[in-house]
Amino acid sequence: MQKLEQLYEGKAKKVFATEDAALLIVQYKDDATAFNGKKKGTIAGKGVINNRMSNYLMRRLASAGVPTHFVEELSERETLVRRVQIVPLEVIVRNLSAGSFCRRYGFPEGVRFARPTVEFSYKNDALDDPLICLPHIFAMELATEAEMADIRRYALQINALLSEFWESCGVTLVDFKLEFGRLPDGTIILADEISPDTCRLWDSESGEKLDKDRFRLDLGGVEDAYAEIMRRLEEHEKA
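Read on for a plain summary of the structure. (Residues numbered from 1 in each chain as written. Predicted model: local features only at pLDDT ≥ 70, side-chain atom pairs only at ≥ 80, totals over all residues. Heavy atoms only, no water.)

### A few points about the packing of aromatic side chains
Consideration 1: Per the stated rule, a full pass over the model turns up 6 aromatic pairs.
Consideration 2: On the basis of an interplanar angle of 20° and a centroid distance of 6.4 Å, the ring pair of Tyr154 and Phe180 is categorised as stacked. Taken as a pair, Tyr154 in helix H4 (residues 145–168) and Phe180 in strand S11 (residues 171–182) lie far apart in primary sequence, 26 residues in all.
Consideration 3: For Tyr154, a relative accessible area of 12% corresponds to the buried category.
Consideration 4: Aromatic ring contacts, followed pair by pair, group Phe101, Tyr105, Phe107 and Phe113 into a single cluster.
Consideration 5: Over the face of the ring belonging to Phe16 we find Lys3, whose NZ or CZ atom lies 4.5 Å from the ring centre.
Consideration 6: Positioned above the aromatic ring of Phe215, the side-chain terminus of Lys39 is 4.8 Å from the ring centre. (Phe/Tyr/Trp six-rings, centres within 6.5 Å; stacked < 30°, edge-to-face > 60°. Helix = DSSP H or I, 4+ residues; strand = E, 2+ residues; numbered from the N terminus. Buried < 20%, exposed > 50% of the residue type's maximum accessible area, 1.4 Å probe, protein only. Lys NZ or Arg CZ within 6 Å of the ring centre and 35° of its normal.)

Structure below.
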């Protein structure tokens, strides 16, 4: 598949057109940002790890019945995906308290919830991606009631599948962010990526953070954490 003009460059990826209008090429970068782009840096090798990990997990989810945009891994940094119209919402699933949940409510970190929570943020960097409730999603016509029902159902299904997978790797899935898109016929599918950039992943025994929080919080050892989480995934794949 030939890579044509660049259509978009985000914080972590570039997107290119192809000769097929229904397909795009995503190229993963080593650039790192936090707090909606207020903090910037580089994590060596991140793009390779995020590309490979996301593709592996997308394939697992697809085999379990979750429709995704993944088509084919083209190289260590590039992947062919289906073109979608992104629903302008970040879908956050939380199993334990962490990050903005703790800051927002003054709540201690690491408390496991009785059941997973699902929340939505409006994708708008200028507004710092504010939380948004369903009535406001419908008022702004960001998605329909049927689409939001699909999105919430998929989010919880993905959480169950990924939680089980990471548990088998000795990792706790604390929380994660998803994005969804519409195909031309209106079908909702999973898009974007699933990686240490978009998931909080803690060692199940020590609680050590193995994700982008090491960059956000200046904990050091960022590259080592990404490499470790990839090593565990690869060991599981070989088992």
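### Examining the packing of helix H1 (residues 46–63) against H4
Consideration 1: One way to put it is that H1 packs onto H4 with a least axis distance of 11 Å and a crossing angle of 120°. By the angle between their axes, H1 is oblique relative to H4. Crossing of H1 against H4: the hand is right-handed. Facing Met53, Tyr56, Leu57, Arg60 and Leu61 of H1, the residues of H4 in contact are Ile158, Leu161, Leu162, Phe165 and Trp166. (Axes fitted to C-alpha atoms, helices over the stretch in contact; angles between N-to-C directions. Parallel < 35°, antiparallel > 145°, perpendicular 65-115°, else oblique. Left-handed = near helix turned anticlockwise from the far one by under 90°. Contact = heavy atoms within 4.5 Å.)

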